Amino acid sequence: MAKPYFQVDVPITHQAQPDRRGSYVFTGQADSGREAVRIAREVCDAALAAHAAGLAVPRRRPDGWGARGVRPGWEPDWAAARAHLWDTAHGWFVRSARSGAPVPGLPGA
């Protein structure tokens with residue numbers, strides 16, 4: 001049986017301009033919200049380490065997790081991170097700009 005998809009919302013603050021705030025959003029399969037936050041942090045750390053080393057940010061893993069939009073200079077607040085089951089019927093449902101069809105490989109596709 002496939003693991004459920006989770007969305008992890010992580011508040012971020014710009015290191016040089018602390019009044020600038022935002023959030024990172026990660027999605028992927030996990031057994032629990034706690035595991036989802038752990039995996040989100042793992043892929044975020046891997047992306048930042050790759051960027052710092054001048055390497056390409058790793059692509060999405062087979063379990064759906066990735067961190068392609070993570071940028072240096074923004075500090076994640078992992079203590080405030082929240083995981084939610086990803087409900088494609090009421091949450092983000094990505095569709096292809098050309099056909100309106102679900103994007104292959106994403107939940108709901």
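See the structure above.
No experiment lies behind these values; they were computed from the predicted model shown. (Residues numbered from 1 in each chain as written. Predicted model: local features only at pLDDT ≥ 70, side-chain atom pairs only at ≥ 80, totals over all residues. Heavy atoms only, no water.)

## Looking at the overall build of the protein
Here's step 1: In terms of regular secondary structure, the protein is built from one helix and four strands.
Here's step 2: Reading the protein from its N terminus to its C terminus gives the helix and strand order β-β-α-β-β.
Here's step 3: Burial statistics for the protein: of 109 residues in total, 28% are counted as buried.
Here's step 4: Pairs at least 24 residues apart make up 59% of the contacts formed inside the protein by residues separated by at least 6 positions.
Here's step 5: Here the protein has roughly 7000 Å² of accessible surface; of this, 54% comes from carbon and sulfur atoms. (Helix = DSSP H or I, 4+ residues; strand = E, 2+ residues; numbered from the N terminus. Buried < 20%, exposed > 50% of the residue type's maximum accessible area, 1.4 Å probe, protein only. Contact = heavy atoms within 4.5 Å. Areas by Shrake-Rupley, 256 points an atom, 1.4 Å probe, with all protein chains shown as cover.)

## What about the environment of glycine 73?
Here's step 1: Along the chain, glycine 73 turns up in the loop between α1 (33-52) and β3 (74-76).
Here's step 2: On the accessibility criterion, glycine 73 (25% relative accessible area) is partly exposed.
Here's step 3: Beyond its immediate sequence surroundings of up to four residues, glycine 73 is in contact with Thr13, His14 and Gln15.

## Overview of the nonpolar core
Here's step 1: Grouped together as the largest cluster of nonpolar side chains are 20 residues, with contacts concentrated most on Val8, Val10, Tyr24, Phe26, Trp65, Val70 and Trp78.
Here's step 2: Within the residue set of this core, elements represented by two or more residues are β1 (5-14), β2 (21-29) and α1.
Here's step 3: Among the elements that make up this core, the one with the highest residue count is α1 (six residues).
Here's step 4: Beyond its immediate chain neighbours, meaning those up to four positions away, valine 8 contacts Tyr24, Val25, Phe26, Ala36, Val37, Ala40, Trp65, Ala81, Arg82 and Ala83. (Core = buried A, V, L, I, M, F, W, Y, C linked by side-chain atoms within 4.5 Å.)

## Observations concerning the packing of aromatic side chains
Here's step 1: Taken as a whole and judged by the stated rule, the model has two aromatic pairs.
Here's step 2: A ring pair is formed by tyrosine 24 and phenylalanine 26, whose centres lie 6.0 Å apart and whose planes are at 70°; its orientation type is edge-to-face.
Here's step 3: With centroids separated by 6.1 Å and ring planes inclined at 25°, the aromatic side chains of phenylalanine 26 and tryptophan 78 adopt a geometry described as stacked. On the criterion of sequence distance, the pair formed by phenylalanine 26 in strand β2 and tryptophan 78 in the loop between β3 and β4 (82-85) is long-range, its members being 52 residues apart. In this pair, the class of phenylalanine 26 matches that of tryptophan 78, namely buried.
Here's step 4: Here the aromatic residues Tyr24, Phe26 and Trp78 are joined through ring pairs into a cluster of three or more. (Phe/Tyr/Trp six-rings, centres within 6.5 Å; stacked < 30°, edge-to-face > 60°.)

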